[in-house]
Amino acid sequence: MSNPRYWRENPSRYNLIGRRCENCKGVFFPPREICPKCRRKSLGKMKAYKLTGKGKVYSFTIVHDPMPDFTLMKPYIMAMIEMEEGVRLTGQIVDCEAEKISIGMDVESTFRKLGQEGGSGIIRYGYKFRPV
Amino acid sequence: MRDVAIIGVGDTKFGELWEHSIRDIGMQAGLSAVSDANIAGEQIEALYIGNMAAGSLIEQEHLGALVSDYSGLSALHIPAVRIEAAGASGGMALREGYIAVASGMHDIVMVAGAEKMTDVTDEEIPTIQMAGGDQQWEGISGSTMASLFAMMARRHMHEYGTTRENIASVPVKNHKNGAMNPNAQYQKGITMDTVLKSPMVADPLGVFDCAPISDGAAAVILAPLDIAKKYSEQPIKIVASAAATDTLALQHRESLTRIDSIKVASRNAYKTAGIGPKEIDVAEVHDSYSIAEIISIEDLGFFEKGKGGPATLEGMTEINGVVSVNTSGGLKARGDPMGATGVAQAVEIARQLRGKGEKRQVNNAEYGLSLNMGGTGGTSVVHIYRRL
Ligand SMILES: [Zn+2]
């Protein structure tokens, strides 16, 4: 995975900035320029929206067989988090033992190192989650 | 639109085919389909190749020209194109071939699927598989394809009380079937205990819940139904071809226990075929992960939502059960050379409907269905077939 195509999304990834459709009030993350519900009616009405970072575990797994850039972290917890705003994000859960995780558990986002580019050693940052 | 039939099928053995390149296996599958169809190579008017990742796996693109060339067709200069839709590449290639014949653009076409996965190290495979999901928003955080299906499995367990044994009964059944398929990668039965105690990949899914890394190729020859009998004693009619898409990333789906692209594609296919799920005798579905087969047999309408797990454990999807699912051994036991899989499913259904399923033959099979899926369901392709 080379970095430049990930850098473009960094403002969103660092600050949890998505979009809110002014037509149906739906919140989306990552940002998209067209609301899938309102389509044409949403053009020009998708406004920047910062998520609070609070949410609940919707599902989770413990990864034992990762992609090469993540081998040093294994085993790690991957989860899908349902944010307060209703939108779901995929991310790791940290600062928590695997046995303690359950569906419905309260979590909040935290800014962390996501991984390292294999050869170059360039570090990628973004959101992970931790228990509240 | 004209009616379309399969007049010939061919495949290679699936597995780790050390001594063979993608050129060899593409050619082998193609030649055996041509010979099964009783046609001459010169009659092929166009070639559609299902392939997911030759660029990453063997640094080779342009599979259309490659397979045409190594199948001995270069002097004929026919159009040939590679179709990519992640794990659904083969099914999408079949659909493109079907459309070409149905529309009247071409009479006889070849659809082939091929993938050579064992030329890279096992460590590189999760990244290549994950390219069928959303690398930008799932992959970057450490998601693997297995982890996404594991989260679907955990949700299915949470919402419907599906048990670990329910899920494990999928690979047990598929290995039992694979043991009767001479072209399967694994031709050996396994016990429930083997699945439950296998090393974890992404909890709750272990090694035996995941389809293997495979090389292999498969091919079918299509022709208009009205001339199919000229070539084949047992042409198989394709009565419906439907495809549907959904969000690329799993996180954007309304539900993790339902795959809407399967629901939409199968609903459209049943409508075209004029039948319902109860008419299907034999089905090849996309068990890239064990939980995917459970969700698939629910969303195809074979079983109510939430009942797929218990139905499998009770043997309802075994050969000659309520509906015979993955008689070939499925992706788990037959093997999953990604772009070849969708075409291999059509090959198995055609064999079953011709009564050529040997030890794994389903009694009096009239209607067959194949479901080929890409990623976590970003694409689903459904075909329905009928014995004539
Ligand atoms: Zn809207």
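The preceding data block contains the structure.
Criteria and thresholds
- Residues numbered from 1 in each chain as written.
- Chains lettered and ligands numbered in written order.
- Predicted model: local features only at pLDDT ≥ 70, side-chain atom pairs only at ≥ 80, totals over all residues.
- Heavy atoms only, no water.
- Axes fitted to C-alpha atoms, helices over the stretch in contact; angles between N-to-C directions.
- Helix = DSSP H or I, 4+ residues; strand = E, 2+ residues; numbered from the N terminus.
- Parallel < 35°, antiparallel > 145°, perpendicular 65-115°, else oblique.
- Contact = heavy atoms within 4.5 Å.
- Nonpolar A, V, L, I, M, F, W, Y, C, P; charged D, E, K, R; others polar.
- Buried < 20%, exposed > 50% of the residue type's maximum accessible area, 1.4 Å probe, protein only.
- Donors = N, O, S within 2.8 Å, 3.2 Å for Na, K, Ca; no water.
- Tetrahedral: all angles 85-135°; square planar, octahedral: opposite > 155°, others 65-115°.
- Phe/Tyr/Trp six-rings, centres within 6.5 Å; stacked < 30°, edge-to-face > 60°.
- Buried area = accessible area lost by both parts, 1.4 Å probe.
- Salt bridge = Lys/Arg side-chain N within 4 Å of Asp/Glu carboxyl O.
- Polar contact = N/O pair within 3.5 Å; in protein donor to acceptor, adjacent residues only side chain to side chain.
- Pairing = 2+ DSSP bridges.
- Core = buried A, V, L, I, M, F, W, Y, C linked by side-chain atoms within 4.5 Å.

Enquirer: Quick question: what am I supposed to make of the packing of helix α4 (residues 89-102) of chain B against helix α14 (residues 338-353) of chain B here?
Expert: For any two helices packed against each other, one specifies the crossing angle of their axes together with the interaxial distance. Residues and elements named next belong to chain B. Orientation of α4 relative to α14, taken along the N-to-C sense of each, is 60°, at an axis distance of 5 Å. Between α4 and α14, the crossing angle belongs to the class labelled oblique. On the side of α4, the interface is formed by S89, G90, G91 and L94, while α14 contributes G339, G342, V343 and A346. Here the contact of α4 with α14 is composed, by residue class, of three nonpolar, five polar and no charged.

Enquirer: Explain the environment of B:C210 here, please?
Expert: Residues and elements named next belong to chain B. Along the chain, C210 turns up in the loop between β6 (205-206) and β7 (215-224). On the accessibility criterion, C210 (11% relative accessible area) is buried. Linking C210 and F149, residues 61 residues apart in sequence, is a C-alpha distance of 9.8 Å. Ignoring anything within four residues of it in the chain, the contact list for C210 reads V201, S288, Y289 and K332.

Enquirer: For this particular structure, what's the right way to read the coordination of the zinc ion?
Expert: Six octahedral donors around a metal ideally make angles of 90 or 180 degrees; four tetrahedral donors ideally make 109.5 degrees. Residues and elements named next belong to chain A. Within the protein, the zinc ion binds to C21 (SG), C24 (SG), C35 (SG) and C38 (SG); these donor distances fall in the range 2.3 to 2.4 Å. In this structure, the zinc ion is coordinated by four donor atoms arranged in tetrahedral fashion, with angles at the metal of 107 to 113°. Sequence positions of the residues that donate to the zinc ion give the spacing C-x2-C-x10-C-x2-C. With a gap of 14 residues between them, C24 in the loop between β1 (17-21) and β2 (27-28) and C38 in the loop between β2 and β3 (46-50) connect regions that are remote in the sequence.

Enquirer: Sorry, what's going on with the packing of aromatic side chains here?
Expert: Aromatic ring pairs are described here by two measures, namely the spacing of the ring centres and the angle between the planes. Residue and element names in this part refer to chain A. Overall, the coordinates contain seven aromatic pairs over all chains when judged by the stated rule. Ring geometry for F111 versus Y125: centroids 5.8 Å apart, planes at 15°, classification stacked. A residue pair is termed long-range when its members are at least 10 positions apart, and F111 in strand β7 (residues 106-116) and Y125 in strand β8 (residues 123-131) qualify at 14 residues. Residue F111 is classed as partly exposed on the basis of its relative accessible area of 46%.

Enquirer: I'm lost on the interface of chain B and chain A in this one. Help?
Expert: By a frequent convention, interface size equals the accessible area lost on bringing the separate parts together. Contacts between the two partners involve 31 residues from chain B and, on the opposite side, 34 residues from chain A. Between chain B and chain A the total buried area reaches about 3,000 Å² when both faces are included, carbon and sulfur atoms providing 61% of it. The largest share of the area that chain B buries against chain A comes from B:W137, B:I140 and B:Q251, three residues that together contribute 25% of it. In this assembly, chain B and chain A are joined by zero salt bridges. At the junction of chain B with chain A, the criterion picks out 14 residue pairs in polar contact (both at pLDDT 80 or more). The element that contributes the greatest number of residues to the side of chain B that touches chain A is helix α6 (residues 145-160) of chain B, accounting for seven residues. Of the residues belonging to the side of chain B that touches chain A, the class tally is eleven nonpolar, twelve polar and eight charged.

Enquirer: In this structure, what is going on with the sheet that holds strand β3 (residues 80-83) of chain B? I would like to understand it.
Expert: Strands belonging to one sheet form pairs held by backbone hydrogen bonds; the direction of such a pair is parallel or antiparallel. Residues and elements named next belong to chain B. Spatially, the ten strands line up as an open sheet ordered β3-β2-β4-β7-β1-β8-β12-β11-β9-β10, and their pairing is mixed. Edge positions in the open sheet fall to β3 and β10 (324-325), since each of these has one partner strand only. Direction of pairing for strand β11 (residues 367-374) relative to strand β12 (residues 379-387): antiparallel, over a ladder of eight bridges. Among the inter-strand pairings, L371 is bridged to a residue of β12, identified as V382.

Enquirer: Can you help me understand the nonpolar core in this one?
Expert: Soluble globular proteins: nonpolar side chains tend toward being buried together. All names here are of chain B. In terms of nonpolar packing, the biggest core is built from 56 residues, with F149, I280, I291, L300, F302, L369 and I384 touching the most fellow members. If sequence neighbours within four positions are ignored, L369 has contacts with Y270, I280, V282, A283, E284, L300, I349, V382, H383, I384 and Y385. The next biggest cluster of nonpolar side chains, apart from the first, holds 36 residues, and it includes I83, A88, I238 and L353.

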